Each structure stands twice: as structure tokens, then as C-alpha cells.
Amino acid sequence: MTEIMAAWLKTKRESKSFFWRKAFLIIDSLQKTFENHENSRHLEKAMNMPVKALLKKIQKETLRSRYFGIPAIKSPMDFWIYMEIVNEIKPDIIIEIGNAWGGMLLAFAHMLDHIGNGRVIGVDIDHSKIPLVVKAHHRISLLEGDACGSFVRVKDLILPHHRVLIIEDSSHTYENTLNILRTYNSLVSKGSYFIIEDSIINHGLIFRNGFHSGGPHEAIEAFIKENNDFVIDRTMERFLITWNPKGYLRKIG
Ligand SMILES: C[S@@+](CC[C@H](N)C(=O)[O-])C[C@H]1O[C@@H](n2cnc3c(N)ncnc32)[C@H](O)[C@@H]1O
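Residues numbered from 1 in each chain as written. Predicted model: local features only at pLDDT ≥ 70, side-chain atom pairs only at ≥ 80, totals over all residues.

## Description of the overall build of the chain
Stated formally: Under the DSSP-based scheme used, a helix requires at least four consecutive residues in state H or I and a strand at least two consecutive residues in state E, with every element numbered from the N terminus. To sort residues by burial, count the other C-beta atoms lying within 10 Å of each one's C-beta; a count of 20 or more means buried, 12 or fewer means exposed, and anything in between means partly exposed. C-beta atoms are built from the backbone.
Helix and strand counts for the chain come out as nine helices and nine strands. A buried classification covers 32% of the 253 residues belonging to the chain.

Set out below in C-alpha cells:
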């Protein structure tokens with residue numbers, strides 16, 4: 001806030017006018033309510049929390065989430081949807097682009113263990129954080145390198161009859177997301193999904209830096225306009241709270 005504006009507000013706050021006294025009473029109580037919501041740690045005390053504040057809270061906790069001790073940066077509600085998709089599609093190949101510590105690679109491998117078939121391919125520019133328990137899992141293959149630059153190596157691991165599911169969770173810039181959509185879409189099997197993560201950026205959660213020219217949400221919209229083989233499946237957003245609004249793309253063509 002500029003100094004001039006702060007000085008102006010100060011004169012109004014000290015003003016004896018009924019209007020300004022009442023206005024500041026309302027502003028202060030609203031601010032207090034918001035701060036209380038921000039600090040509410042339990043549902044029964046946060047029933048009127050604005051969804052925006054709730055999303056911020058879930059984001060903070062999601063960044064600390066672990067899958068059997070390994071960081072897995074996933075909102076629990078999307079995680080559940082992924083489990084349902086894996087069970088429905090029963091993919092032979094799951095490609096996760098952007099792996100970080102590999103918690104989700106292990107989670108996908110365990111889902112496939114339960115189904116009794118399938119492999120997980122992890123692509124990331126840096127696999128140095130991935131622990132041995134993930135690297136050693138017999139269903140997991142890791143390819144280190146830029147996602148689009150690694151496309152041919154990924155394609156070489158896939159046979160024509162394989163059912164393929166792809167999850168993109170890398171840099172989230174508009175350009176990279178759109179490039180990945182354009183490069184990898186041919187690998188997704190008909191009926192399966194290309195999931196684009198974190199389209200919540202500036203569509204639910206405000207990110208001030210780095211996304212001025214758009215992010216995953218805008219990349220999805222551009223891709224859907226140019227590619228008729230995919231539709232946005234909003235039934236996958238049935239919990240309402242998702243980090244991937246419009247991000248569940250189902251291949252129909
Ligand atoms: C948000 S993290 C992935 C989190 C992981 N999917 C999970 O659920 O726990 C993003 C990852 O993308 C990787 N990354 C960023 N740009 C990339 C690119 N162009 N190609 C491949 N990986 C990239 C980063 O190294 C980082 O590990």
C-alpha cells in the first residue's frame with residue numbers, strides 16, 4: 001500500500017464520522033474472521049472458511065504429504081481419483097512426467113501390484129532425490145532427461161498393444177505443458193487418460209510469479225482446441241476440490 005493511501009486510511013480510521021467508524025468496524029471484524037479461518041485447524045471451527053482459504057491450507061499440507069514415508073505431492077482427493085482411474089483402465093504402462101522424490105511412482109507401482117500387471121515409467125530431469133526403495137521396485141523404470149527430449153526413449157519401451165495412461169506433473173509452464181501434450185498425446189490409449197496436473201494455478205490458487213503468460217490450465221485449453229481426440233472429463237472432478245480442474249483428458253479418438 002502506498003504511503004499516501006496509508007495516511008488517508010489513517011485519517012479515516014481516526015475520523016469521528018459515523019460512516020467511517022462503522023466501516024472500520026466491519027473491515028476489522030471481517031479481517032479477524034478471515035485470520036481465524038486461516039488459523040482454524042479443525043473442521044468444526046472452520047465451517048465458514050472460504051474455499052480459497054481452504055485450498056491454500058490443503059496446498060500447504062499437500063507439500064508435506066508422504067506415501068509410505070516418501071514425499072508424494074498430491075492432494076488426497078486427486079490421489080483417490082487416480083486409484084479409481086488405474087483400476088478402471090488397468091494400464092499396461094503408466095508414464096509419470098515429473099517425479100521429484102518418487103512417492104507417486106511407488107504408489108502407482110503398488111496399485112499395479114494389486115492389479116497384477118503393468119509398468120511405471122518415470123521421466124524427470126533429475127532423479128537424484130529418488131530413494132532406493134522406489135528405484136528398486138520391479139515395476140518402475142526411470143528415464144532421466146527433459147520430458148520432450150526423452151520422448152523417443154519412452155516410446156521405445158511401449159508396444160502397440162499396451163494400454164497407456166499418462167500423468168504430466170513437471171514444470172507447469174504454459175510452453176512446457178503444451179509441448180508435452182503435443183509430444184506425448186499419441187501414446188495415450190483410446191479410453192485412457194492424459195492427466196495434466198496443477199491446472200489449479202491461477203484457477204483456484206494464486207501464483208504471482210512465473211505464470212503471467214499462463215500455466216497448465218491455459219495449455220489444456222489450447223490443446224483441446226487443436227486436438228479432437230481428447231475431451232475434458234469433468235466427472236473426475238466430482239469431489240469438487242481438485243488440483244487438476246479441466247485436467248482429466250480422456251482420449252476418445
Ligand atoms: C511437482 S514435482 C513432481 C512431483 C511428483 N509428481 C509427485 O507427485 O510427488 C516436478 C518435477 O518435475 C521435474 N521437471 C521440471 N521440468 C521438467 C522437464 N522439462 N522435463 C522433465 N521433468 C521436469 C522437476 O525436476 C521436478 O522433480
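## Re the pairing of strand β9 (residues 248-251)
Operational definition: Two strands pair if DSSP finds at least two bridges between them.
Side chains of β9 alternate between two faces, with Tyr248 and Arg250 and Leu249 and Lys251 buried alike. Both strand β7 (residues 193-196) and β9 contribute to a ladder of three bridges, which runs antiparallel. Each residue of the ladder has a partner; that of Phe194, found in β9, is Leu249.

## What about the domain arrangement of the chain?
In plain terms, the rule: Delimitation of the domains relies on an automatic or database domain assignment.
Domain annotation of the chain identifies domain 1 (3-49) and domain 2 (69-251). Using C-alpha coordinates to define each centre, domain 1 is positioned 42 Å away from domain 2.

## Details of the nonpolar core
Across soluble globular proteins, nonpolar side chains have a tendency to be buried as a group. The cut-off we apply is this: Structurally, a nonpolar core is described as a collection of buried Ala, Val, Leu, Ile, Met, Phe, Trp, Tyr and Cys residues joined by way of C-beta atoms within 7 Å. For every residue pair, C-beta atoms are placed from the backbone, and the pair is scored as a contact if these atoms sit within 7 Å.
The biggest cluster of nonpolar side chains holds 44 residues, and the ones touching the most others in it are Ile95, Leu105, Phe108, Val120, Ile166 and Phe194. By residue number, the principal contributor to this core is helix α5 (residues 103-115), which donates eight residues. Each residue touching Phe194, except ones within four places of it in the same chain, is listed here: Ile166, Leu181, Asn185, Val188, Phe230, Leu249 and Lys251.

## Quick word on α5
Put simply, the rule reads: Working rule for helices: expected span equals 1.5 Å times residues minus one.
The first and last C-alpha atoms of α5 sit 19 Å apart over 13 residues, in line with the 18 Å expected at 1.5 Å per residue. Phi for Gly116, located one or two positions after α5, is positive at around 90°.

## Overview of the site of the ligand
As a reminder of what qualifies: Using the backbone to place each C-beta atom, any residue with that atom within 6 Å of a molecule or strand is considered near it. Residues are grouped as follows: Ala, Val, Leu, Ile, Met, Phe, Trp, Tyr, Cys and Pro are nonpolar; Asp, Glu, Lys and Arg are charged; all remaining types, including Gly, are polar.
Near the ligand you find 21 residues, and of these Gly98, Ala100, Ala147, Ser170 and Ser171 are the closest. Elements with a contribution of two residues or more to the shell around the ligand: β3 (93-97), α5 and β4 (119-124). Looking at the shell around the ligand residue by residue, the class counts come to nine nonpolar, six polar and six charged.

## Considerations on the sheet that holds β7
The line we're drawing: In this analysis, axes come from line fits to C-alpha atoms, helices being fitted only over the stretch in contact, and the angle between any two N-to-C directions falls in the range 0 to 180 degrees.
Pairing is mixed across the open sheet formed by seven strands, whose spatial order is β5-β4-β3-β6-β7-β9-β8. The open sheet has two free edges, formed respectively by β5 (140-144) and β8 (230-232), since each of these has just one partner strand. Strand-to-strand twist in this sheet, taken as the mean axis angle between neighbours without regard to direction, amounts to 20°. Sheet analysis places strand β6 (residues 164-168) next to β7, joined by three bridges and oriented parallel. Residue pairing for β7: Glu168 is matched across the bridge by Ile196.

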